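In case you want the letters, here they are:
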Amino acid sequence: MTRRTKIAPSILSADFGRLADEVRAIGNADYVHVDVMDGHFVPNLTIGPIVVEAVRRVTTLPLDVHLMIEDADRWVAAYAKAGADLIGVHVEACPHLHRTLAQIKELGKRPCVVLNPATPLESIEYVLADVAQVLVMSVNPGFGGQSFIGSALDKIRRLRKMIDERGLTVDIEVDGGVKLDNIAEVCAAGADVIVSGSGVFGTADYAATIDELRRRGDRARA
Ligand code: DX5
Ligand code: ZN
């Protein structure tokens, strides 16, 4: 039986001046996706552990923290302490990826490995059994509101095959340019968890959009 599609709205597109209200308004989501950028690994700078802590206080949803930072080893403990449930680190930013993922697990959090659009699946072959989730980027990280990069669909299909062939229970999360009009093809390719920033926060009724995204995702995955 196919598991329900999980929807993870990215607060990058939320109104940061009213962040608590914005987070409460997505209470029917499955995760809150939190984009952490350091101005080095990606050309944008967002939030740190104190904001994650603040988000933790206003929701009971699991926090899916996407670290787009250099030197992740130095920071994972701080994000774990701030209340992250899943912690995602980029293959391209972690020279000792296996160790970083192990560190996340030792902190009692769910490790997620993240791939940029140009990074091949082969780069995660030897850590696939050690993660709870693989995040396939379908835009180049750094900004919300970019267009979906089509080659991600083939990557999702191949990853789905890799996971199923090995009998693993790793979730595939897809991040970037996914909205109501293309969630079906992303889920049909094999995605379990959908990140959507502008696709949720750019609509009038966030909760209704989240329900509709999940409905379209479930139908495509059935
Ligand atoms: C991009 C971030 C995404 C972003 C997605 O670097 O990782 O989570 O917020 O935004 P949309 O859904 O607008 O492409
Ligand atoms: Zn993200």
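See the structure above.
First, a word on scope: everything that follows refers to the structure included in this document. (Residues numbered from 1 in each chain as written. Chains lettered and ligands numbered in written order. Predicted model: local features only at pLDDT ≥ 70, side-chain atom pairs only at ≥ 80, totals over all residues. Heavy atoms only, no water.)

1. Some points on the coordination of the zinc ion (ligand 2)
Thought 1: Listed as protein donors to the zinc ion (ligand 2) are His33 (NE2), Asp35 (OD), His66 (ND1) and Asp175 (OD); their distances from the metal cover 2.1 to 2.3 Å.
Thought 2: For the zinc ion (ligand 2), the six donor atoms in the first shell make angles of 70 to 169° at the metal, a pattern classed as octahedral. (Donors = N, O, S within 2.8 Å, 3.2 Å for Na, K, Ca; no water. Tetrahedral: all angles 85-135°; square planar, octahedral: opposite > 155°, others 65-115°.)

2. Description of the site of ligand 1
Thought 1: Every one of the 20 residues lining ligand 1 counts as a neighbour, but Asp35, Gly142, Asp175, Gly197 and Ser198 are closest to it.
Thought 2: Asp35 has a polar side-chain atom sitting 2.7 Å from an oxygen atom of ligand 1.
Thought 3: At a separation of 2.7 Å, an oxygen atom of ligand 1 approaches a polar backbone atom of Gly142.
Thought 4: Alone, ligand 1 offers 380 Å² of accessible surface; in the complex the protein occludes 100% of this.
Thought 5: Listed by contribution, the elements that provide at least two residues to the shell around ligand 1 are strand E2 (32-37), strand E3 (63-68) and strand E8 (193-196).
Thought 6: It is E2 that contributes the most residues to the shell around ligand 1, three residues altogether. (Near = heavy atom within 4 Å. Polar contact = N/O pair within 3.5 Å; in protein donor to acceptor, adjacent residues only side chain to side chain. Areas by Shrake-Rupley, 256 points an atom, 1.4 Å probe, with all protein chains shown as cover. Helix = DSSP H or I, 4+ residues; strand = E, 2+ residues; numbered from the N terminus.)

3. So, helix H4 (residues 97-106)
Thought 1: By the burial criterion, the buried members of H4 are Leu97, Thr100, Leu101 and Ile104. For H4, the arc enclosing every buried residue in end-on projection is 95°, short of the 170-degree limit, so these residues lie on one face. Projecting away from the buried face of H4 at angles above 90 degrees are the exposed residues Arg99 and Glu106.
Thought 2: The inward-facing, buried residues of H4 abut helix H3 (72-82), strand E4 (86-90) and strand E5 (110-115). (Buried < 20%, exposed > 50% of the residue type's maximum accessible area, 1.4 Å probe, protein only. Arc of directions from axis to C-beta. Contact = heavy atoms within 4.5 Å.)

4. Examining unusual backbone geometry
Thought 1: Phi angles above zero are rare outside glycine, and Asp71 is one such case at about 60°.
Thought 2: Its location among the elements puts Asp71 in the loop between E3 and H3.

5. Some words on the pattern of salt bridges
Thought 1: Within this structure, the stated rule accounts for 19 salt bridges.
Thought 2: As a salt-bridge pair, Asp85 and Arg56 come within 2.9 Å of each other at their nearest N and O atoms. Of the two residues, Asp85 sits in the loop between H3 and E4 while Arg56 sits in helix H2 (residues 49-58), which places them 29 residues apart along the sequence.
Thought 3: When the shortest N-O distance is used, the salt bridge between Arg215 and Glu212 registers 2.8 Å. Of this pair, Arg215 and Glu212 both sit in helix H8 (residues 206-221), three residues apart, roughly one helical turn.
Thought 4: A residue is classified by how much of its surface remains accessible, and Arg215, at 43% relative accessible area, is partly exposed.
Thought 5: One connected set of salt bridges, linked through shared partners, spans Arg3, Lys6, Arg160, Asp164, Asp171, Asp192 and Arg221. (Salt bridge = Lys/Arg side-chain N within 4 Å of Asp/Glu carboxyl O.)

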